[in-house]
Every structure is written in C-alpha cells, then in structure tokens.
2 protein chains.
Amino acid sequence: MPRVRKQNETMSIARLAKYLGLSEGTVSRALNNYPDIAEKTVARVRKAADELGYRPSTTARRLARGVVETIGFVLPARDGHQIDPFLAEILDGLATELALSDWDLLVSAVPDGHDEVEVMDRLIQSGKVGGFVVARTKRHDPRIDFLRKSHVPFVAQGRTENCDDYAWLDIDNEKAFVDAVNYLVGLGHRKIAYLGGDPELNYAWQRRAGYLAATKANGCDIAPGYMHDGITNELAAREAVLEILKLPDHPTAILCVTDAVAIGAIHALAHAGIDVGSEMSVIGFDGLPMGEAIHPGLTTMSQASYQIGREVGRIVVAQANKANSPASEFSQILWEASLTVRGSANPPALKLAANAKGGIS
Amino acid sequence: MPRVRKQNETMSIARLAKYLGLSEGTVSRALNNYPDIAEKTVARVRKAADELGYRPSTTARRLARGVVETIGFVLPARDGHQIDPFLAEILDGLATELALSDWDLLVSAVPDGHDEVEVMDRLIQSGKVGGFVVARTKRHDPRIDFLRKSHVPFVAQGRTENCDDYAWLDIDNEKAFVDAVNYLVGLGHRKIAYLGGDPELNYAWQRRAGYLAATKANGCDIAPGYMHDGITNELAAREAVLEILKLPDHPTAILCVTDAVAIGAIHALAHAGIDVGSEMSVIGFDGLPMGEAIHPGLTTMSQASYQIGREVGRIVVAQANKANSPASEFSQILWEASLTVRGSANPPALKLAANAKGGIS
DNA sequence: TTGACAACCGAAAGCGGTTTCGGATAGCGT
DNA sequence: ACGCTATCCGAAACCGCTTTCGGTTGTCAA
C-alpha cells in the first residue's frame, strides 16, 4: 500500500515555523499557551496560524501527548436493528456536549457473531477511545463488569444491581412508577394492570418494583393476570392486552413500562372497541413526541433524554480529565421523571365529551 | 498538563520485538503481511502478539501511514433535538458496515452558533476524518457544495438538484409517490390531497413532484386547498387536516410526505370523528414500526433504512480506498420504495367490519 | 562594570508505529 | 570450492506534534 503523501498541500507546524522564522517547538508552545513565550510572539504566531489556516493534526497531537480525547458508544445490539427514539436523543445530547468540550464521539455497532464487550475491548486496546458511555443497562451488566476492571473512565446511563463504584446517571424509575400508581389511585383507580418489559433490563425491573410497592402501599391487590413481563414491542403489548381483557374482573387502568408498549396497548384496546381514556386508562413512560400525536394523547412519565445525554457527556469528560487523581469520587446522579398529563388516563368509567363522534366540519 | 505516560503497562511493538528477539520493523512487516518475511517467523510473531495481547496503537499507525480510517457524520441540527427514526436506523446500518470494514464512525453535533459546514471543515482540517456521509439532503445543499471542493470522499444519502458529480444513494421518491397515487386511483380515489414537507428538502420536493405528476397523468384535478407544504410535524399535520376538512368538496384520500405526518393526520382525523380507512384513506412514507402499532395500521411506502445505511457505508469506504485513481466513477444508486399495505387506505366510502365497535371479551 | 536572574527561544528526544534500503545468510548451479 | 541470486531481516528515517532542558539574550541592582 502506497504511503499517502499529502505533499506540500497541507499546512504543518514545520511550514508555519519556517514561515515565521521560529522553531517548531516555539510555535507549538505559543499556540498552546505556554507562559514562556513573549506576548508579541504569541500574537504573531496566532495571526500567521490563522491566516495560513493551520490546524494541528490531531493524530500527531494525540501520539505526542499520549491521550485520545474520544468517547466510545456502542449501539446496543437488538434484533430488528432499531435504535429506539430514547437512545437517539441521548446520542444527540451526548454528541452535542462532547463537541462543546472538543471531544470526539466514536459510535460503533456490534457485528454479528461478536458481543459488545468484545467490541469495547478492541476499541480500548487499539487506543481508539479514552472513555465510554453505556446505555440501557441490565441488572447484571457484563459491560459494566468489564469497564470496572479496564481502568478507562466511563459513565452509565442507568444503574445496575451493584452500582456503588462507578459513575452513573439514572432516572428514579421506581419513584416514577410509584408516582404513576398514586396518580391513578388519586383518579379513583384500584384495579391497575402492568405491562412490564424485559426484567433483565434494569429500568424495567425498577419500574416493576415501583408498581409493586405502590399498589401494595395503596392496598390495591394485583389480581392474577394483571402483571405481564417481557413486553418489549407493540405486538407483545397487543397480545397481553387481549389476555387482560379476557379476565373476569378486568382492570380499569394499565401502566406500561414504555411509551412504545403503551401505544401498542392503546392500539389493541381501540381495536377491541374499548374507549381509551374512559373505559380504560393507560399510562406510559418516556415522553416521546409520538405520545402527543396519537389519539387520545398519551399520559406518560417524561424523561428529558437529550438533557440526560448532555449531562452524561459532561460527566464522562470530567471523569476523564481528572483520571490521575486517586480514588476520585464518582458522580452518581438520580433525576426524577415528571408526569405529562394528556388524555389517556382519567377517572374510571368517565365518558369524555371529546370522544363523541362529531360532524365533519 | 502532565504527559500521560502509560508506563510499562501497555504492550508496544518495541516490547513485542524485544521479547521475540526481532527488530520492530520485522515485527511490523510480519503482522502486516509483507511478503519478505519467512512463513515461520510470521507464525511466531502472530502467536506472540496473540499471547501478549498486542494491538497496534491506531494513533501511531495513522500518523505513520498518513491515513485516518474514519468517516464523519454530522447530526442535522434541528429544533427540538430529535433524531428521527429514519436517521437513527441509517446510523445503525452505517455503524455496522463501518465496523465490518474496520473503519470508525465519528458522530458530531452542531453546537449553537455554528453551522454544519463549519463543523465538517474542522473535522477535515484537523485530520479527524477521511470521509463523510451526509443525510437529509436539501435541494441546494451547502454541505455538498463544500464537500465537492474539499477533496475528501463522501457519499450522500439523498440527492440534490445537481447530482452528477458525486456519489449518492437515494430512494426514488418521485416514483414512489407516483405509485402511491396510482394505488389510490386503483382503489377508486379521485380526490387526493397532499401533505408535503419542507420543499427545501430534496426528498419532500421529489415526492411532491411525484404527486403532481401522477395526479395529472390520472386526470385527477387538485382542488384548491388540497396541497399543503411545510408540514414537518404532527401539530402542523393536524392543522392542515382541519383545513382540508373545511373544504366544501373534501378529498377521500390524503397522501403524506412521511409517516410522522401521516400519523399526525390520522390522529387529527380520528379526533374529528372521521373513520380513517373508510371515510378517509391515508398513506405515508417511511415504513416506521410505529405505523404498525397505530389504529388503523398505516399503509405506507417503505424504505429499508438500515440497509440504506449499510450500503452508504460500503460505498464511502470503497470510495475512500480508491481515492488515488483519477476521475473515478461515482456510485449513484437509486432504490425503490415498496408499498406496505395496512388498514389506512381502502376504496372510498367503504366501511370496514373491523372498525365496528365490538364487545369487550 | 559585573554578576545574577528573568525572560525567551532553539535543539533534540520522544510518542509508537511504518516503510525503504541495503546487508547478511543460505541455497543453488557449475 | 566459488560466485550469484533469492530470501530474510535489521537499521534508520520518518509521520507531525509536544515537552524537557539548556543556552542566549537583556535588565537591573550592586
């Protein structure tokens, strides 16, 4: 393979130095705010660098300084290759924050036949990244186990079962679902069903715990058939709803682990001729824009995904910058979800006027 | 700033060479399949590298070889910071393909006060990327203009007005909307309205062209008030639908520029008491999973976003690899969207049995 | 005037690889 | 036994920038 010579095209520090009649070292120090360069020399160098459009090669700079200002993010491998909207927003926030800190974001996928840890390991070993962000944590997450002993800074969006010794930012899922149940109870509901996600996923587990705790605290008993786990897509939600509707004493409200599940549930209910919002209340979690577009609007616990992404980015960069200081504290941040009230949850058996079929004009 | 010395921790080629009793050059050539290294030496080096867990520093390698095997992707700056699902899937496909080719994907956002070209320029000048993928092209796209003269390989997902001299992969938007109109006409519709997007965006413009061409070809006239442009979110879709419903002679079908718009339209129709699928047909574009979850299911023109991402990745890597060959051909690929039939489009004035309200059990 | 001390800058050694070039060794024919 | 090639490997330059270290100046007090 022929060496790619960029010839005399690109502006190197050598040319800049020659142009200025200075040594490379002096130019470098001038541009990097070393105190031992005369003010006017600094100004002169800055000016020339600007005019000639000089930008130091990050590759060379990294090699010389022994740092890579790059954060890795490995897309969770899911079937169907769908990045859910929540992840997408986090990614956006993360990219924004990193751009502001002059760090890079390296996104990788997991090729078939490999696993995420493998991919992360390669990225670290080959020196491509100097830190990681992991999202969608499992209760026992091999990625976290791996990163713990890899000595690269990282922050998790979401906790794991044992989460004392690393940095994370999470939503208080349990409290959120306690709040959701309390809200339903406040509306008059006593019979509340639950469509839960994959219990391996930490957030699903915690939301489930919130549901269990709050129904118990309110003295609502969970009839057999009220709880469904492993609902991860709209289709599963639909089937679970059909099961629920078959119950002799069916619930008046359904709490859903995510907006996607809630939307699937609403669809299923509508299809079965149930009037959502009056005959059956539904609450989701995420605050997706889509929740506003469906009919009725989805009442949901919202989390500010973009902000989460930004904060996670801030933390991981901070962590990486003080990587030397021994036994540094880990940021462990818990944010609260907020209730967004729309039309899908109301007092039981209330018929809404808005749902009456009206004329065209 | 203290130099970060990785001490004796990391495995460098120097240590590997010393361990083997060979020179660094020999080890390097052995690992890089140079023909002038004895078979058994190669084997010995490979084995030792494996055992000692040696991975060459990509930074050093890049500096020495003068290449960066990295593709940049700048997230389109939109208000609301929402990566739409279509982009997310493309990103996933792109990341997958690049991972398979051992290229990196560098994702950046555009900080406030800057523009996309600026960000791309910095990435190029500082040598962080060796190629670009741009998505969501505008009819006149400054990013393309910039990349054209920047001499870095790139491929666009989506075309622009003048698109002869660069590589792109696009969906045949015009044909897709011709097909959609023909499908509706085949169902018996004659009065077809259109909810279009931002006409600056190339795909929106082409879909609009398809709508215009096909309605004309079929002799359907477009009544005043049938065409709405600039519909970019669910809210706008809702308002446009209300306008349409006010028309004295209102249409029997609405063709929507994206699934998101279609879903907003369906919501608005439902809210107005119109039975979607019988009283009014709706067709979208994208093939989002969400289209399956709503009620009725969304009939739509589907594009395989993940595959698009992969193919775009394949092309850009190929392009970058043969960057030397002069005046090389550009891949220019047009894929077709396919019609996914669900419940939202039917012959006009047909009442579907499935829409009848049924009992609970 | 001289010495001491700042203030500035140049020289040079890395960072961890790659690649060219030439030398040593071995194998071969005669 | 000799020379000649092919084969294989080591030496060294280099990629572009950073950073240490030491050497020149200039300034000011004694």
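A brief structural summary.

**Considering the overall build of chain A**
- In terms of regular secondary structure, chain A is built from 13 helices and 12 strands.
- The C-alpha radius of gyration of chain A comes to 27 Å, more than 25% above the 21 Å expected for a compact globule of 361 residues.
- Projected onto the principal axes, the alpha-carbon positions of chain A cover approximately 90 × 55 × 45 Å.
- A buried classification covers 51% of the 361 residues belonging to chain A.
- Taking all contacts inside chain A whose residues are at least 6 apart in sequence as the whole, residues at least 24 apart take part in 67%.
- For chain A, the accessible area works out to roughly 16100 Å², and carbon and sulfur atoms hold 51% of it.
- Positive and negative charge centroids in chain A, built from 38 and 44 side chains respectively, lie 8 Å apart.

**Thoughts on the interface of chain B and chain A**
- The partner chain A presents 65 residues to the 65 residues of chain B that form the contact.
- Buried surface at the junction of chain B and chain A, both sides included, amounts to about 6000 Å², of which 59% is carbon and sulfur.
- For the pair chain B and chain A, the number of links is 2 salt bridges.
- B:Asp104 serves as the salt-bridge partner of A:Lys128, at 3.1 Å between the closest nitrogen and oxygen.
- Taken together, the connections running from chain B to chain A amount to 10 residue pairs in polar contact (both at pLDDT 80 or more).
- Those elements that place two or more of their residues in the side of chain B that touches chain A are helix H4 (58-65), helix H5 (85-100), strand S2 (104-108), helix H6 (116-125), helix H10 (234-246), helix H11 (259-271) and helix H12 (290-293) of chain B.
- Of the residues forming the side of chain B that touches chain A, the biggest block, 8 residues, is contributed by H5(B).
- Taken together, the residues of the side of chain B that touches chain A sort by class into 32 nonpolar, 19 polar and 14 charged.
- The pairing of strand S2 (residues 104-108) of chain A with S2(B) spans 3 bridges and is antiparallel. Among the inter-strand pairings, A:Leu105 is bridged to a residue of S2(B), identified as B:Val107.

**Here we look at the pattern of salt bridges**
Residues and elements named next belong to chain A.
- With the rule as written, the count across this model stands at 34 salt bridges over all chains.
- For Lys47, the salt bridge goes to Glu51, with nearest N and O atoms at 3.4 Å. In this pair, Lys47 and Glu51 are both assigned in helix H3 (residues 39-52), 4 residues apart and thus about one turn of the helix distant. For the pair Lys47 and Glu51, one class covers both residues: exposed.
- Arg148 is the salt-bridge partner of Asp165, the closest N and O atoms lying 2.9 Å from each other. Residue Asp165 is found in the loop between strand S4 (154-157) and strand S5 (167-171), and its partner Arg148 is found in helix H7 (residues 142-150); the two are separated by 17 residues along the sequence.
- By relative accessible area, Asp165 is classed as partly exposed at 38%.

Analysis parameters
- Residues numbered from 1 in each chain as written.
- Chains lettered and ligands numbered in written order.
- Predicted model: local features only at pLDDT ≥ 70, side-chain atom pairs only at ≥ 80, totals over all residues.
- Heavy atoms only, no water.
- Helix = DSSP H or I, 4+ residues; strand = E, 2+ residues; numbered from the N terminus.
- Rg over C-alpha atoms; globule rule 2.2 N^0.38 Å.
- Buried < 20%, exposed > 50% of the residue type's maximum accessible area, 1.4 Å probe, protein only.
- Contact = heavy atoms within 4.5 Å.
- Areas by Shrake-Rupley, 256 points an atom, 1.4 Å probe, with all protein chains shown as cover.
- Lys, Arg positive; Asp, Glu negative; His and termini not counted.
- Charge placed at Lys NZ, Arg CZ, Asp CG, Glu CD.
- Buried area = accessible area lost by both parts, 1.4 Å probe.
- Salt bridge = Lys/Arg side-chain N within 4 Å of Asp/Glu carboxyl O.
- Polar contact = N/O pair within 3.5 Å; in protein donor to acceptor, adjacent residues only side chain to side chain.
- Nonpolar A, V, L, I, M, F, W, Y, C, P; charged D, E, K, R; others polar.
- Pairing = 2+ DSSP bridges.

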